[in-house]
Amino acid sequence: MRYAMVIDTKKCVGCSDCVVACQTENNVPIGYCRDWITERVEGTYPNLELELRSERCNHCENAPCVRCCPTGASHIIDGGIVLVTPNECIGCGACIESCPYDARFQHPDGYVDKCTFCHHRLEKGQLPACVSVCPTKCMYFGDLDNPNSEVSQLLKARKHKTLAPEAGTKPHVYYLI
């Protein structure tokens, strides 16, 4: 199994419900976030295109954050989820610097924190909090290795992209465009 998230940029309205759900579900300290909304405007007036998207850790197959972690606190578990074990993290920040997605932060308690795809919810058969609260249903989550999963079907049917493909990280967050 390889977990993946697919986000439809044509449906996202930038409401930030995913951000608030994540902060609440994961007790993220005020002023920090594991996911965020970005806005990209391209073109020249009056021919402008706006893209809103929810961003987070991309849970990469070739994760530089895991390779550079001196303690093994950053690691990949079954399903391809990249996690940080707080009590093994020394807070050196090497993983923060190595991430091409700027998806990690120094938690006030001294360890590095990031999106976990709500691993604790997945273990109970639930979707990540961000996916479950999205009012426009623009976020999808599932198994890339299952050709019949919703994420696999969407990626077959729709044009999509990943962020920073030149980094060679093989991210597991996809954006429908």
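Keep in mind it's a predicted model, so treat the numbers as computed, not measured.

Peer 1: Residues and numbers for a nonpolar patch on the surface, please.
Peer 2: A cluster of nonpolar residues, Val-41, Tyr-45, Leu-48 and Leu-50, forms a patch on the protein surface that exposes about 480 Å² of accessible area. Relative to the helices and strands, Tyr-45 is located in the loop between strand E2 (35-44) and strand E3 (47-56). The exposed category is assigned to Tyr-45, whose relative accessible area is 73%.

Peer 1: An account of helix H6 (residues 150-157) is requested, with residue identities and associated values reported.
Peer 2: If you check which residues of H6 are buried, you get Val-151, Ser-152, Leu-154 and Leu-155. Within H6, the buried residues cover an arc of 165° as seen down the axis, which keeps them to one side. Residues of H6 that are exposed and point over 90 degrees away from its buried face: Lys-156 and Ala-157. Elements in contact with the buried residues of H6: strand E1 (3-8), strand E8 (139-143), strand E9 (160-161) and strand E10 (173-176).

Peer 1: Account for the packing of aromatic side chains, with residues named and values stated.
Peer 2: Taken as a whole and judged by the stated rule, the model has 3 aromatic pairs. A centroid spacing of 4.9 Å and a plane angle of 80° characterise the contact between Phe-117 and Phe-141, whose relative ring orientation is edge-to-face. With Phe-117 in the loop between strand E7 (112-113) and helix H4 (119-122) and Phe-141 in strand E8, this pair connects stretches of sequence that are 24 residues apart. Assessed through its relative accessible area of 1%, Phe-117 is described here as buried. Look at Phe-141 and you get buried, because its relative accessible area is 11%. Taken together, the ring pairs connect Tyr-3, Phe-117 and Phe-141 into an aromatic cluster. A cation sits over an aromatic face here: Arg-53 above Tyr-175, 5.7 Å from the ring centre.

Peer 1: Break down the state of the cysteines for me, citing the residues and quoting the values.
Peer 2: A disulfide bridge is the covalent bond that connects two cysteines by way of their sulfur atoms. For the structure shown, the criterion picks out 0 disulfides. Looking at Cys-68, it has no disulfide partner, and the nearest cysteine sulfur is the one in Cys-95, 6.0 Å off. According to the relative accessible area criterion, Cys-68 is partly exposed, its value standing at 29%. Among the cysteines around Cys-92, which has no disulfide bond, Cys-95 carries the closest sulfur, lying 6.3 Å off. Relative accessible area serves as the criterion here: at 47%, Cys-92 is assigned to the partly exposed category.

Peer 1: I'd like a description of the sheet that holds E9, backed by residues and values.
Peer 2: The 4 strands are arranged E8-E1-E10-E9 in an open sheet whose pairing can be described as mixed. Unpaired on one side and paired on the other, E8 and E9 mark the two borders of the sheet. Taken strand by strand, H6 contacts E1, E8, E9 and E10, and its axis lies near 110° from that of E8.

About the criteria used
- Residues numbered from 1 in each chain as written.
- Predicted model: local features only at pLDDT ≥ 70, side-chain atom pairs only at ≥ 80, totals over all residues.
- Heavy atoms only, no water.
- Patch = residues over 30% accessible without salt bridge, like charges linked within 9 Å, V, L, I, M, F, W, Y side chains within 5 Å.
- Areas by Shrake-Rupley, 256 points an atom, 1.4 Å probe, with all protein chains shown as cover.
- Salt bridge = Lys/Arg side-chain N within 4 Å of Asp/Glu carboxyl O.
- Helix = DSSP H or I, 4+ residues; strand = E, 2+ residues; numbered from the N terminus.
- Buried < 20%, exposed > 50% of the residue type's maximum accessible area, 1.4 Å probe, protein only.
- Arc of directions from axis to C-beta.
- Contact = heavy atoms within 4.5 Å.
- Phe/Tyr/Trp six-rings, centres within 6.5 Å; stacked < 30°, edge-to-face > 60°.
- Lys NZ or Arg CZ within 6 Å of the ring centre and 35° of its normal.
- Disulfide = S-S within 2.5 Å.
- Pairing = 2+ DSSP bridges.
- Axes fitted to C-alpha atoms, helices over the stretch in contact; angles between N-to-C directions.

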